[in-house]
Amino acid sequence: MTRINRRRFLAMVLGMPAVATAAMNAPSQTGASDLVETMLARAHVPRHSDELWVLVDDQEATLSVYRGNALLERFAPISLGRSGAKTQRVRGDNVTPLGEFRINRFNYASQWRTFIGIDYPTPPHARMALEKGIYSQSDYDDYFDYYRRNGYPPQNTALGGAIGIHGLGSADPDIHGRYHWTQGCVAVTNEQIDRLAALVGVGTRVVIR
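Quick caveat: nothing in here was measured; it's all calculated off a predicted structure.

The rules behind these values
Residues numbered from 1 in each chain as written. Predicted model: local features only at pLDDT ≥ 70, side-chain atom pairs only at ≥ 80, totals over all residues. Heavy atoms only, no water. Helix = DSSP H or I, 4+ residues; strand = E, 2+ residues; numbered from the N terminus. Buried < 20%, exposed > 50% of the residue type's maximum accessible area, 1.4 Å probe, protein only. Contact = heavy atoms within 4.5 Å. Areas by Shrake-Rupley, 256 points an atom, 1.4 Å probe, with all protein chains shown as cover. Phe/Tyr/Trp six-rings, centres within 6.5 Å; stacked < 30°, edge-to-face > 60°. Lys NZ or Arg CZ within 6 Å of the ring centre and 35° of its normal. Axes fitted to C-alpha atoms, helices over the stretch in contact; angles between N-to-C directions. Parallel < 35°, antiparallel > 145°, perpendicular 65-115°, else oblique. Nonpolar A, V, L, I, M, F, W, Y, C, P; charged D, E, K, R; others polar.

Student: For this particular structure, what's the right way to read the overall build of the protein chain?
Tutor: Of regular secondary structure, the protein chain possesses seven helices and ten strands. Put simply, the protein chain has 209 residues, and 50% of those count as buried. Long-range contacts, defined as pairs at least 24 residues apart, comprise 60% of the intrachain contacts of the protein chain with a sequence gap of at least 6. On the protein chain, roughly 9,800 Å² of surface is accessible, and the fraction owed to carbon and sulfur atoms is 49%.

Student: Mind showing me how you'd approach the packing of aromatic side chains here?
Tutor: How two aromatic rings sit relative to each other is set out by the distance from centre to centre and by the angle between their planes. Tallying each qualifying case throughout the model produces nine aromatic pairs. Seen in terms of ring centroids, Tyr143 and Phe144 are 5.0 Å apart; in terms of plane orientation they differ by 80 degrees. Their pairing is edge-to-face. Among the residues examined, Tyr143 registers a relative accessible area of 1% and is labelled buried. According to the relative accessible area criterion, Phe144 is buried, its value standing at 0%. Relative to Tyr152, the ring of Tyr146 has its centre 5.8 Å away and its plane inclined at 75 degrees; by these criteria the two rings are edge-to-face. Overall, the relative accessible area of 24% leaves Tyr146 in the partly exposed class. For Tyr152, a relative accessible area of 36% translates into the label partly exposed. Within the aromatic cluster, the residues linked to one another by ring pairs are Tyr135, Tyr140, Tyr143, Phe144 and Tyr147. One residue, Arg205, lies across the ring of Trp53, its end atom 5.0 Å from the ring centre.

Student: What is the right way to look at the packing of helix α3 (residues 34-43) against helix α4 (residues 123-131) in this model?
Tutor: When two helices pack together, their arrangement is captured by the angle between the axes and the distance separating the axes. Relative orientation of the contacting elements α3 and α4 amounts to 150 degrees, with a least axis distance of 8 Å. It follows from the interaxial angle that α3 and α4 lie roughly antiparallel. Only Pro124, His125 and Met128 of α4 make contact with α3, whose side of the interface consists of Leu35, Val36 and Met39. Across the contact of α3 with α4, the residue classes break down as five nonpolar, one polar and no charged.

Student: Would you explain unusual backbone geometry in this entry?
Tutor: Glycine aside, residues mostly have negative phi, and peptide bonds are mostly found in the trans state. In this chain, Ala76 is followed by Pro77 through a cis amide linkage whose omega measures -10 degrees. Residue Pro121 is reached from Tyr120 by a cis peptide bond, and omega for that bond is -5 degrees. Topologically, Pro121 is positioned in the loop between β7 (113-118) and α4. If you check the backbone angles, Ala61 has positive phi at about 55 degrees while not being a glycine. Summarising the element assignment, Ala61 is placed in the loop between β1 (52-57) and β2 (62-67). If you check the backbone angles, Asn94 has positive phi at about 60 degrees while not being a glycine. With respect to the helices, strands and loops of the structure, Asn94 is situated in the loop between β4 (85-86) and β5 (96-97). With a relative accessible area of 18%, Asn94 lands in the buried category.

The structure is reproduced here in structure tokens:
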């Protein structure tokens, strides 16, 4: 994919702000993680007054659902990756990725009761991986080629995949209430995932910060 086509693809298909798509193609001058961190600084602002969106707060261990600026639901405590939450994760490190995502799938037959998938790894995560040497230039180009052809990011790269929000299934509620225990996903109780699944849909924005 050419540079101009990649920018156009990101802006139209992924709905990312033009400033972010331009940054994806510009040489980094401030460090590879700055792009996601800059986006997170603005991500808690609703796109419009009626937007339904989800905020996952690592420090507070909460998941909140908003309509614009109005809080509809708050779930706590939630569980994140057993190795914490970071802007950059790699396959198998048990880290929850920080960033701005969109819900892109539901699995109601999951072992975790319901699995609500998000579109990780996003283009900013791919850019960070390139600048940190996790992705080669070929890996980076293959990422965008896959995304363009399939409409969602590849799940089998060095950045891992299959990240989402899910319930406990048959997991121990006591452990859930005391520790972060997932392999990188966001976990809530079975009752909470039922409520969340009834509120959100494909395309709902999810901010993990």
